[in-house]
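Architecture at a glance
Each chain is listed here by its residues.
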Amino acid sequence: MNNEFTIVLPDSCVIAQICGTNDSNIKLIENHLGLSVFTKGNELSIDTDDDSKKQQFKFIIDRILDELSETSSESANPSDLISSILNNGFDRDEINTNFNAGDFAISIPGSTRKVYPKTRNQCALVNAFRKNDLVFAVGPAGSGKTFLAVAEALRLVLSKKINSIILTRPVVEAGESLGFLPGSLEEKINPYLRPLYDSMNSCIPHETVHKLTENGIIEIAPLAYMRGRTLNNAAVILDEAQNTTSEQMKMFLTRMGENSKVFITGDITQIDLPMRYNSGLVHALKILRDIPEISIVELDGSDVVRSSLVRKIVQAYENE
């Protein structure tokens, strides 16, 4: 092979998972690339002088390895992973003309792996994080909006581009007030922010998250406690923003200071506010949409990567 491009895999067990029964998974990749994939020992190779094909091949294999590293060998199903990557990933022409898909991986200092966007819309979201200081990510549960926001915030703070991460959420949901929950402020707010911490623990070691929190680099704060603050040199994540009121959203947006990144995530199909309140997220999306310095990225059921069943459930509701 004169133009051989080879990827060396960790061991023979991994290559067996990727190849699948009777090389069924390899055939999926070959059909997508329009090229033959060759196996030798723990190596996968293609023969081409087309750089875009090499990029696609590397992106696919890197994404599979990334998923397998998160999943136990008993539950891992590379066939489903590969089908998801190929079906929800990037069109060949889109890769060839617009970008190198691998450029959208989030590299977090201290992490043992990169975080890869898994769909075109997720890729657009990562690009928005990089380009603009204020980003709205709107989409259903499991579409990756919060996870990618957390990964980008960790990248920024651990590469010392910012000084802190501030996590906040509206804390009045379905009529329950924070004041009626037992414990200290931190104990009250922690259940609301548990999904954000889960995302962090998926990106970096738990000990690192604990150390950053102890040192005040990661701060948790109820949305109501933002009033009067100016948030400088920080990545600020407002999660579940569909449950803010218009007044809360305006107050939060005007806290933004110098050298700060603000990521706002929410699902406008799951608003828990009492009927007499309008969602601050819906209102903000309407009046801020035409400001060029603000990115609004909308995800949908096709971006749900939590599980294939969740994706089908979300799409069923979307099509109702």
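The structure this text deals with has already been given above.
These notes cover the structure that comes with them.

The rules behind the values
- Within each chain, residues carry numbers counting from 1 in the order of the written sequence.
- Confidence filtering applies because this is a predicted model: local features only for residues at pLDDT of at least 70, side-chain atom pairs given and counted only at 80 or more, and all residues used for totals across whole chains, interfaces and linings.
- Each side-chain value is worked out from all heavy atoms of the structure, with water and hydrogens disregarded.
- We count a stretch as a helix when DSSP gives it H or I for four or more residues in a row; a strand needs E for two or more, and each element gets its number in order from the N terminus.
- By the criterion applied in these results, polar contacts are pairs of N or O atoms within 3.5 Å in which, for protein atoms, one can donate a hydrogen and the other can accept it, and in which residues neighboring in sequence qualify only through two side-chain atoms.
- Whether two residues are in contact is decided by their heavy atoms: any pair within 4.5 Å suffices.
- Note on patches: the residues involved have over 30% relative accessible area and no salt bridge, like charges join within 9 Å, and the nonpolar side chains Val, Leu, Ile, Met, Phe, Trp and Tyr join within 5 Å.
- In short, Shrake-Rupley with a 1.4 Å probe defines the accessible areas, and a residue's cover is counted only from the protein chains shown.
- What counts as a salt bridge is simple: a side-chain nitrogen of Lys or Arg found within 4 Å of a carboxyl oxygen of Asp or Glu.
- The classification of residues rests on relative accessible area computed with a 1.4 Å probe and restricted to protein chains. Under 20% of the type maximum is buried, over 50% is exposed, and intermediate values are partly exposed.
- By this definition, two strands are paired if DSSP reports at least two bridges between them.
- Angular values range over 0 to 180 degrees, each being the angle between N-to-C directions of two axes fitted as lines to C-alpha atoms, with helices fitted over their stretch in contact.

1. Regarding the side chain of D303
Along the chain, D303 falls in the loop between β9 (294-298) and α12 (308-318). A polar contact is formed between the side chain of D303 and the side chain of N121, at a distance of 2.8 Å. At 2.9 Å, the side chain of D303 forms a polar contact with the backbone nitrogen of D300. Sequence-distant contacts of D303, that is, excluding residues within four places in its chain, are made with T119, N121, Q122, G142 and S143.

2. With respect to the side chain of S143
With respect to the helices and strands, S143 occurs in the loop between β4 (134-138) and α7 (145-158). Each residue touching S143, except ones within four places of it in the same chain, is listed here: Q122, L299, D300, D303 and V304.

3. As for a nonpolar patch on the surface
Together, I268, I271 and V282 make up a nonpolar patch on the protein surface, roughly 210 Å² of accessible area in all. Take I268: it is sitting in the loop between β8 (261-266) and α11 (280-288). Overall, I268 belongs to the partly exposed group, its relative accessible area being 40%.

4. Description of the sheet that holds β4
Strand order in this open sheet of six strands is β6-β5-β7-β8-β4-β9, and the pairing throughout is parallel. Because the sheet does not close on itself, it has two edges, and the strands there are β6 (218-222) and β9. Across the sheet, the mean angle from the axis of one strand to that of its neighbour is 15°, orientation sign disregarded. By the bridge criterion, four bridges tie strand β7 (residues 234-238) to β8 in an arrangement that is parallel. Looking across to β8, one finds that I237 is bridged to F263. Its contacts with the sheet put α7 on β4, β5 (164-169), β7 and β8, and the angle it makes with β8 is roughly 165°.

5. Some points on the environment of S199
Among the structural elements, S199 can be located in helix α8 (residues 185-203). The class for S199 is buried, based on a relative accessible area of 10%. A sequence separation of 50 residues divides S199 from A149, and the C-alpha atoms of the two residues are 9.3 Å apart.

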